[in-house]
Amino acid sequence: MKAAVLRGPETIRTETVDDPSVPDDGVVIRVRACGICGSDIHVYKAGEPVGTVFGHEFSGDVVEVGKNVKGVEVGERVTAVGFRPCGKCFWCVRGKSHRCSDMALTGYQLPGAMAEYVAVPIAIPDRTVFKLPDEMTYEDGATVEPLSISLFSVKRGQPKESDTVAVLGLGVIGLNAILVLKALGVSRILASGRRPSRLEAAGLCGAHLVIDAAKEDALAAIMDATGGMGVDCVVECAGSPVTFEQAVEMAKGGGSILLVGIFEEPLLWDPRKVIAKNLNLIGCLGGNFPGAIELIRSGKAVTRHFVTHRFSLDEAGEAFRVQHKDKDAIKVMIIP
Ligand SMILES: [Zn+2]
Ligand SMILES: [Zn+2]
């Protein structure tokens, strides 16, 4: 089959590789759509490990089912999450491999869905493999994973309808966070980002105030918009030391900061203000697939507007270039 393979810094080539064989506990999926994720771009820039096949935001048709799998059938239209526990850590040896601290992930340590076929190592219906409702397109199906992250993360902060929430960083996870906050009925959403296309998208998603952080100071703008009070919750999706510090400044006493963005470097920070203001710093890593599917199916979250570019598998190198460099790119999809 064909697969898009990382061959060095900012170098992706479409190559012929072996078809995946079906795992005993898993399935093989014919990929119909696969999004490029911001996390993929971090690895793409670094160029290693060479040989990586990206792709963890995908949908497709189940074409093979492993002999131990129950409840997943050939022909089902699905999205899925792929991982393989290490089998050796504290949790794995106690039979709790879902808590494994050293999972191999599809699209990183295991070959991902930027290929014609992808193997999902462990297939459990509604836990790792999720049927798409008939009315949902494959492309919508490939947007479930990033929405699931935003949904999981925002819910960690338990926002109330009366809250004012700031979203810092308007990649797809930040934009999806706005959709989720809107769907939860949060009354005031303040968003800050940099690329014009994403600022526009944030407005379309329903943010009440959109701040261009390239032109104005996001902290000053948010303090101004809240009469100097600050916000109840900050969703930090930028993963930068600057936005982290701004988050600490703009959070109200007793407020929460949800850490969602990927920090490329360790953070050096002064905890004194976090302590003085009784802030809750909440790390967020996880997804809520069933909830995300329902948000898209019901029309409460429309994610397809974020898909700005589509490429074939043969054009994967260009697809990555566009996702990384093109100012207008929000979500680039590969349609294998
Ligand atoms: Zn992702
Ligand atoms: Zn383990």
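Rules used in this analysis
Residues numbered from 1 in each chain as written. Chains lettered and ligands numbered in written order. Predicted model: local features only at pLDDT ≥ 70, side-chain atom pairs only at ≥ 80, totals over all residues. Heavy atoms only, no water. 1 Å grid on protein atoms, 1.4 Å probe; cavity = no way out; pocket = protein on both sides within 12 Å on 5 of 7 lines; lining within 4 Å. Points joined across faces, edges and corners; volume = space filled by probe spheres on them. Buried < 20%, exposed > 50% of the residue type's maximum accessible area, 1.4 Å probe, protein only. Helix = DSSP H or I, 4+ residues; strand = E, 2+ residues; numbered from the N terminus. Contact = heavy atoms within 4.5 Å. Core = buried A, V, L, I, M, F, W, Y, C linked by side-chain atoms within 4.5 Å. Domains from an automatic or database assignment.

Draft legend 1. Just empty space enclosed by the protein, in detail. If you walk through the whole model with that rule in mind, you get one cavity of 30 Å³ or more. By volume, the largest cavity is sized at about 30 Å³. For the largest cavity, the full set of lining residues is Thr143, Pro146, Val172, Asn176, Thr303, Phe306, Val307 and Lys331.

Draft legend 2. Structural detail: helix α11 (residues 316-325). Those residues of α11 that fall on the buried side of the exposure criterion are Ala316, Ala319, Phe320, Val322, Gln323 and His324. Buried residues belonging to α11 abut β1 (2-8), β2 (11-16), α1 (38-46), α6 (196-205), β16 (307-312) and β17 (331-335).

Draft legend 3. Spotlight on the nonpolar core. If you look at the biggest cluster of nonpolar residues, it comprises 40 residues, and the most contacted ones within it are Val167, Leu170, Leu175, Ile178 and Val235. The set of elements that each furnish at least two residues to this core consists of α4 (144-156), β10 (164-168), α5 (172-183), β11 (188-193), α6, β13 (231-236) and α10 (289-297). Here this core gets seven residues from one element, more than from any other, and that element is α5. Of the residues that make up this core, three or more belong to each of domain 1 (2-143 + 303-335) and domain 2 (147-283). What Val167 contacts, discounting residues up to four positions off in sequence, is Gly174, Ala177, Ile178, Leu181, Ile189, Leu190, Ala191, Ser192, Val235 and Cys237. Grouped together as the second largest cluster of nonpolar side chains are 33 residues, Ile36, Val62, Val72 and Ala316 included.

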